[in-house]
Amino acid sequence: MDGIIQPIIVEGNKIDPNIIRRDFPILNRQINGHRLVYLDNAATTQKPSSVINAMDEYYRFHNANVHRGLHTLAEEATTAYESTRAKIAEFIGGVKPSEIIYTRGTTESINLVAQSWGRANVGPHDRIVITQMEHHANLVPWLMLAKRAHAELEYIPINAEGYLNLDNIDTIINGNTKIVAVTQMSNVLGTINPVDRIIDRAHKVGAVVLVDGAQAVPHLPVNVKSLDADFYVFSAHKMLGPTGLGVLYGKERLLEEMEPIEFGGEMISRVQFDSAEWNILPYKFEAGTPHIAGAYGFGPALDYLTKLGMEAIRNHEIELTSYALEKLHELKYVKIFGPLDENQRGGVISFKVKDIHPHDLATVLDSYGIAVRAGHHCAQPLTNLLGEISTTRASLYIYNNKDDVDELVKGLIEARRYFGRV
Amino acid sequence: MDGIIQPIIVEGNKIDPNIIRRDFPILNRQINGHRLVYLDNAATTQKPSSVINAMDEYYRFHNANVHRGLHTLAEEATTAYESTRAKIAEFIGGVKPSEIIYTRGTTESINLVAQSWGRANVGPHDRIVITQMEHHANLVPWLMLAKRAHAELEYIPINAEGYLNLDNIDTIINGNTKIVAVTQMSNVLGTINPVDRIIDRAHKVGAVVLVDGAQAVPHLPVNVKSLDADFYVFSAHKMLGPTGLGVLYGKERLLEEMEPIEFGGEMISRVQFDSAEWNILPYKFEAGTPHIAGAYGFGPALDYLTKLGMEAIRNHEIELTSYALEKLHELKYVKIFGPLDENQRGGVISFKVKDIHPHDLATVLDSYGIAVRAGHHCAQPLTNLLGEISTTRASLYIYNNKDDVDELVKGLIEARRYFGRV
Amino acid sequence: MSEPLDELYREIIMDHYHSPRGAKKLDNPDISNEGKNPSCGDEIEVALKVGDKTIDDVSVACKGCAISVASGSMLAEAIKGKSLEEVKKIASTVREMLKGNQVELSEEMGDLEVLRSVNKFPVRVKCALLSWTTLIDCLESLENEKKTKTSTTE
Amino acid sequence: MSEPLDELYREIIMDHYHSPRGAKKLDNPDISNEGKNPSCGDEIEVALKVGDKTIDDVSVACKGCAISVASGSMLAEAIKGKSLEEVKKIASTVREMLKGNQVELSEEMGDLEVLRSVNKFPVRVKCALLSWTTLIDCLESLENEKKTKTSTTE
Ligand SMILES: Cc1ncc(COP(=O)(O)O)c(C=O)c1O
Ligand SMILES: Cc1ncc(COP(=O)(O)O)c(C=O)c1O
């Protein structure tokens, strides 16, 4: 194939994973004598060379602290750091760069909102609404806020198919509701939630909405402006980017009102022994030396996704998810949790294999080079609601192809042969 | 010189910067037609190839999320992540790995203590003691805690030479004092503070002590156990390591008592819809996906410093600082802030040049490839106390040599020629 | 099936997994303790009936993976009827072995040797360890209780 | 001295730096505004005396670097005696120029052209900008005041 230029985008506006795979060095790795079949993308995704090289170059040629420096390196670092911020703002729908706060990840972004906006705006008898399918990151901060503020925490329930049940949304999101926090895509069930409907309802009663986009932004076209989300949060490492970097988008008006929760260098405009004033947005919320190399790496990650196009990525994942669901469905001892309609779900597939504990299954699959996750996937209440202690999860991304799914299925058949003899 | 193996450690147990320089790719860079003379080490240090390569390798071969995975990549990532934690514990004096909390940096470490320990233990009429030479990161969090808790914030003053004045320490650190937060080395004056004396006094009245080691750990042998520090904090990026990673050391007994301030995955042991229990140390304080690549990179940074030996590094810096102070002293229009005894200070040298604003000076020096910092160095109250709005700061590290100092001096002479014609 | 896997899931392990010993919960245990692995949600309960310095009966209730179930079952088999002193020694020896430390098993602990292969699967070590650390907690509680009793009756 | 540096610190800039125009603070300004660059601590005060639609007098108090002082001094020189409309146009043109955007300066703004060289030193742009954005804030406050007045007298 060398020498022949192949298109990355193929018929039906889909990406071709086999071309993409070449950009990901780790996919050449052998695991236990097999090629790596990486199906743990909901936990973290792999990185293309362009992302790895950008960070390498940062440390080899441009490393300096940002903002406060007047020398060439400091200026280069600052320019790159801020240009990634502008790219992020563009990527999620063309918001203002000053509405983009760098954090360590989704978890920190949510905690920031719960602590700053939450403590200032949620009091006794107020209500916080989340859903039964939240990741611990979008559950525990609200649970703790509710306890501290003596507020109510209400859950939007899920139904048997793994969709949110919005029948009672008008009573759940009532006039006492101050904030609604909801994931756009479940990291266990794959469900894509109708966040627009929830936002509509919340805004009617004057509540603000935080959308957990950790599993959505990497996989779907997202426009926070047309969604009219008040806060939107995600992690770089789940979308080809580096570890240690995340994003909090917030509407300017809300961010302006909010008090910072971390104090130190860069977030101040004037400090005296007995007083301190805050810097403008977004710096007000970015105390201390940030993860500069991370911003260098995240830029090319966004470029890569933009080049492919989020529509084309989504189309690929719909096709592959549909294929995987079909193949898994053929195995009678496999039970799939979550929606079966690939148009209403992403490529996160949780399942269980009869008589095999998810840990054992993960170990067997690993012996074939297949990386899946086993456990409660940081959504223990949901997992328990499904009647399980843990499940196995395979999650897809742009470099996964049908071969990967076939390998998974072969692995399950082998595991079943090995363990099924009860 | 190729082919001849040269010792890194030379007579008098000092490191040889000229051998070390070869390990730092950025030092080959040309800035404005000159070789890079990097004298902004107090802001952030450069990285040796081993550190850069480790992160590169992580992303190319081992990238996975930690702790929750049962596959090979996840296990490799977890092992490396935890082994760096053990190295950190060893590096600062052989504490328990579970007493080492990963954070984003010094700033976040201090905020964590101020929010968790501080809010639980500091109330009205209680006293918080810091010094007049603190970085904003070790000032503003205490200022805000004092305001919120209606507590007093007292400052240990500095004297004209830039040392802490401990004459009234027994009245300043009195029976109402709950916590003392002090930097081990000033990032403006270079002063090395007698933290042992302060800790002694604080412990006599039952107060705990947080030591800001951001400028100390990279440059001095530090043993938090013999210091008997209760909390000790620092940043990886100031000691050859990556951006986005920092450390909070805390005594087990204190960390056990403390409540987490960030909630999410990994920091819990059990979550239900209406309750949550915390994980054991250190995980209790590490919510969400951590900066895994950062830990991969920080390991080799610690190895590098350990190989050189902190004593040998310190000896080198004493010699070079002494040389620099002498050379700067010869320029009559240069005023140096801070102690002149190289045995009681580190290689952070702030100064001003008559009739030249620090910004202009930094620009002139940059045109010669010399990177220094100009401003209040995130210590605005101190800078104002010195009677200045901003100063110029040159700060040294292991790869700096006498040539670098000579270049700086030449640059100052040029700048003076250019600007001095009033 | 790949070889290292066969080493982990030996026949003897699979046998214990499919018919675990001591699985029936004791009615009135003298001591019992819960253990859990937070990252996977697995939980275990070890309960002991303690006679005159011997473990008269033991139950290990575990809804876990093959490794944790088999390890618990082998635990039940290995300690039943043994003196407290012996059990303490067995437990700490197994713990060291699972942690990858060089230890020799005595002849009568022979069966437990198969657990050593877990070392090749570092992420599974905690599965195998769970019942043993829970047992060690039981033994420590017992001892503390006795110490308290001693000090109060004197 | 290196060439780009000479381009930044032109003689005219150094002249303004060493003897800044409008440095004496106005006694009873009609409007004044403070600006600051938080990262460096530099602060500036721009004050205006406004007559019948013209800027009658202006002072720029600045303890800053050569670039910010010279920029402020050139500002004072450039706007004194000009109509409000003209000043607004000058200020926004200079701001665009400093931000690196393609703008043509009118003939009478000729002197201000030297500030364009700051573009080659991106970190210094904010030094040059400070007085101009502070001036723009002044002009906006003036306008809002007027609007308010209009709306209350009607
Ligand atoms: C003494 C001191 N404390 C705290 C900090 C803040 O460190 P960071 O920005 O890495 O959080 C610094 C460095 O800027 C420092 O020099
Ligand atoms: C839906 C969802 N929310 C939040 C998180 C937490 O993200 P992070 O661990 O990067 O903070 C994750 C991933 O683990 C997730 O899938």
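Residues numbered from 1 in each chain as written. Chains lettered and ligands numbered in written order. Predicted model: local features only at pLDDT ≥ 70, side-chain atom pairs only at ≥ 80, totals over all residues. Heavy atoms only, no water.

Digging into the sheet that holds strand S9 (residues 177–183) of chain A
Residue and element names in this part refer to chain A. Pairing is mixed in the open sheet, where seven strands are placed in the order S6-S12-S11-S10-S9-S7-S8. Strands with a single pairing partner mark the edges of an open sheet, and in this sheet they are strand S6 (100–103) and strand S8 (152–156). When strand polarity is set aside, the average angle formed by the axes of neighbouring strands in this sheet is 20°. Against the sheet, helix H4 (residues 106–121) makes contact with S6, S9, strand S10 (208–212), strand S11 (231–235) and strand S12 (246–250), and its axis sits at roughly 155° relative to S11, the strand it touches most. Of the strands in this sheet, S8, S9 and S10 are in contact with helix H7 (residues 195–204), which crosses S9 at around 175°. (Pairing = 2+ DSSP bridges. Helix = DSSP H or I, 4+ residues; strand = E, 2+ residues; numbered from the N terminus. Axes fitted to C-alpha atoms, helices over the stretch in contact; angles between N-to-C directions. Contact = heavy atoms within 4.5 Å.)

Some remarks on the pairing of strand S14 (residues 275–278) of chain B
Residue and element names in this part refer to chain B. Sheet topology places strand S13 (residues 268–272) next to S14; four bridges connect them, and they run antiparallel. Counted as the bridge partner of Ile268 is Trp278 from S14. Hairpin remark: S13 followed by S14, antiparallel, with two residues in the connecting loop.

Details of the side chain of B:Asp16
Topologically, B:Asp16 is positioned in the loop between strand S2 (14–15) and helix H1 (17–20). Not counting chain neighbours up to four residues away, the residues in contact with B:Asp16 comprise B:Pro7, B:Ile8 and B:Val10.

As for the confidence of the model for chain C
Residue and element names in this part refer to chain C. When pLDDT is averaged along chain C, the result is 87, and 91% of the positions lie at 70 or above. In this model, residues 149–154 is a region of pLDDT below 50 whose contacts with residues beyond four sequence positions or in other chains number zero contacts. Predicted complex, confidence summary: ipTM 0.93, pTM 0.95. (pLDDT = per-residue confidence, 0-100.)

Description of unusual backbone geometry
Residue and element names in this part refer to chain A. Omega for the peptide link from Leu281 to Pro282 comes to 0°, which places this bond in the cis form. By the secondary structure assignment, Pro282 is in the loop between strand S14 (275–278) and helix H10 (292–308). For Asn13, which is not a glycine, the phi torsion comes out positive at approximately 50°. Mapping Asn13 onto the fold places it in the loop between strand S1 (9–10) and strand S2 (14–15). Note on Asn13: relative accessible area 35%, which makes it partly exposed. (Buried < 20%, exposed > 50% of the residue type's maximum accessible area, 1.4 Å probe, protein only.)

Re the site of ligand 1
Taken together, 15 residues are adjacent to ligand 1, and A:Thr289, B:Thr107, B:Asp212, B:Gln215 and B:Lys238 come closest. Residues within reach of ligand 1 are spread across chains A and B. Within the contact set of ligand 1, an oxygen atom lies 2.6 Å away from a side-chain nitrogen or oxygen of B:Gln215. Protein chains bury 97% of the 390 Å² of accessible surface belonging to ligand 1 in isolation. Residues that form the shell around ligand 1 fall into these classes: two nonpolar, 11 polar and two charged. (Near = heavy atom within 4 Å. Polar contact = N/O pair within 3.5 Å; in protein donor to acceptor, adjacent residues only side chain to side chain. Areas by Shrake-Rupley, 256 points an atom, 1.4 Å probe, with all protein chains shown as cover. Nonpolar A, V, L, I, M, F, W, Y, C, P; charged D, E, K, R; others polar.)

Some thoughts on the domain arrangement of chain A
Residue and element names in this part refer to chain A. The assigned domain composition of chain A is domain 1 (9–47 + 310–418) and domain 2 (53–306). On a C-alpha basis, the centres of domain 1 and domain 2 stand 27 Å from each other. Contact residues are listed per partner, giving 37 residues for domain 1 and 32 residues for domain 2. Counting each side, the surface lost to burial between domain 1 and domain 2 is near 2,800 Å², with a carbon and sulfur contribution of 60%. In this assembly, domain 1 and domain 2 are joined by zero salt bridges. The interface formed by domain 1 and domain 2 includes 19 residue pairs in polar contact (both at pLDDT 80 or more). Contributing elements (two or more residues each) for the side of domain 1 that touches domain 2: helix H11 (310–330), strand S16 (348–353) and helix H13 (380–385). Broken down by element, the side of domain 1 that touches domain 2 gets its largest block of residues, five residues, from H11. Looking at the side of domain 1 that touches domain 2 residue by residue, the class counts come to 19 nonpolar, 10 polar and eight charged. (Domains from an automatic or database assignment. Buried area = accessible area lost by both parts, 1.4 Å probe. Salt bridge = Lys/Arg side-chain N within 4 Å of Asp/Glu carboxyl O.)

Observations concerning the site of ligand 2
Taken together, 15 residues sit near ligand 2, with A:Thr107, A:Asp212, A:Gln215, A:Lys238 and B:Thr289 positioned nearest. Looking at what sits near ligand 2, you find residues from chains A and B. In the model, an oxygen atom of ligand 2 is placed 3.0 Å from a nitrogen or oxygen of the A:His135 side chain. Contacts to ligand 2 include A:Ser235, whose side-chain N or O atom sits 2.7 Å from an oxygen atom. For ligand 2, whose accessible area on its own is 400 Å², the fraction buried by protein is 97%. Taken together, the residues of the shell around ligand 2 break down into two nonpolar, 11 polar and two charged.

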